[in-house]
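# Remarks on the overall topology
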Amino acid sequence: MTDQHGPQATPDQQPAKPRRVRVHHLREAKERGEKITMLTAYDAPTARIFDEAGTDVLLVGDSLGDNFYGYANTLPVTVDEMVHHTRAVTGAVQRALVVADLPFGSYEDSPAHAFASAVRLMKEAGAHAVKFEGGRRVADHVRLLTSSGIPVMGHLGFTPQSENVFGGKRVQGRGNDAAERLSEDALALQEAGAFAVVLEMVPAPLAARITEILAIPTIGIGAGAACDGQVLVWADMAGLSTWTPRFSKQFGNVREEMVRAVTAYNAEVRGQVFPDDAHSFLE
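Residues numbered from 1 in each chain as written. Predicted model: local features only at pLDDT ≥ 70, side-chain atom pairs only at ≥ 80, totals over all residues. Heavy atoms only, no water.

The next thing to look at is the packing of aromatic side chains. Here the structure, examined in full by the defined rule, presents 7 aromatic pairs. Aromatic side chains Tyr42 and Phe68 sit 5.0 Å apart centroid to centroid with 55° between the ring planes, which places their arrangement in the tilted category. A residue pair is termed long-range when its members are at least 10 positions apart, and Tyr42 in the loop between β1 (36-40) and α2 (44-52) and Phe68 in the loop between α3 (64-67) and α4 (79-90) qualify at 26 residues. Looking at Tyr42, the relative accessible area reads 3%, which means it is buried. When the centroid spacing of 6.0 Å and the interplanar angle of 50° are considered together, the rings of Phe158 and Phe166 count as tilted. Given the relative accessible area of 23%, Phe166 is considered partly exposed. (Phe/Tyr/Trp six-rings, centres within 6.5 Å; stacked < 30°, edge-to-face > 60°. Helix = DSSP H or I, 4+ residues; strand = E, 2+ residues; numbered from the N terminus. Buried < 20%, exposed > 50% of the residue type's maximum accessible area, 1.4 Å probe, protein only.)

What follows is the structure, encoded as structure tokens:
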């Protein structure tokens, strides 16, 4: 997506602060055929790097459960944990749109519950928008939030909070009936006011069809190249993990570099090389 910059600074001024990405910028990007970039972020240093690199959307995902808390899946993540991590991310970014997940158990039973959880993420953590899973069954939830001034991103296909119902991490939308249901869910989210929809582990032809029929952007993860944007868990993208999903790609090897740095640190401390005079206060 084209960077949204403010006025250019003169030579004797500080660089102009980048213009914040807003939900309408994503729709405009879709209309222009420009791809949207999105990554997960769970802390301030990482969020700052991703923001400075020009990432359009940062997702404070409940994926922090299995990626950084060591949980077996996303289900144990709480609203309190989401508030904590979202506050760290929103405080670090200047440009990116920050979207926060509503975790399992914080919205499913009623639109009012979804509203209460979303308000916490907006008021206490400074989120710019929220995301939660489901199609037609949560359309009323989306409608209440958007009518109350809370932007909502939808999430369809493989929805991790329903992993036990699906019987594991399985591609969704295979077969005509399943594809039709997924398409109807996407349209229902759009009609209810969602500003974008994540499509996770969906056959590429179906994701392309949904992208074509929706006026709002689709963000793919394991859903092919036709989506209006892409999202990855940053640990998978940067090579921090020892394993990555089939649909992901490692664009770096952060784990290898961290192992090298820690090994060098351990060796210098044990060998009494660090700290030296240059890294000590001598007076």
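UniProt feature "active site" (unreviewed entry): in the numbering of this structure it lies at Glu200. Assignment of secondary structure puts Glu200 in strand β6 (residues 196-200). What makes Glu200 buried here is its relative accessible area of 10%. Setting aside chain neighbours within four positions, we find Glu200 in contact with His155, Leu156, Gly157, Phe158, Pro160 and Ile221. A distance of 2.9 Å separates a polar atom in the side chain of Glu200 from a polar atom in the side chain of His155. (UniProt positions renumbered as here; feature names shortened; annotations may be inferred. Contact = heavy atoms within 4.5 Å. Polar contact = N/O pair within 3.5 Å; in protein donor to acceptor, adjacent residues only side chain to side chain.)

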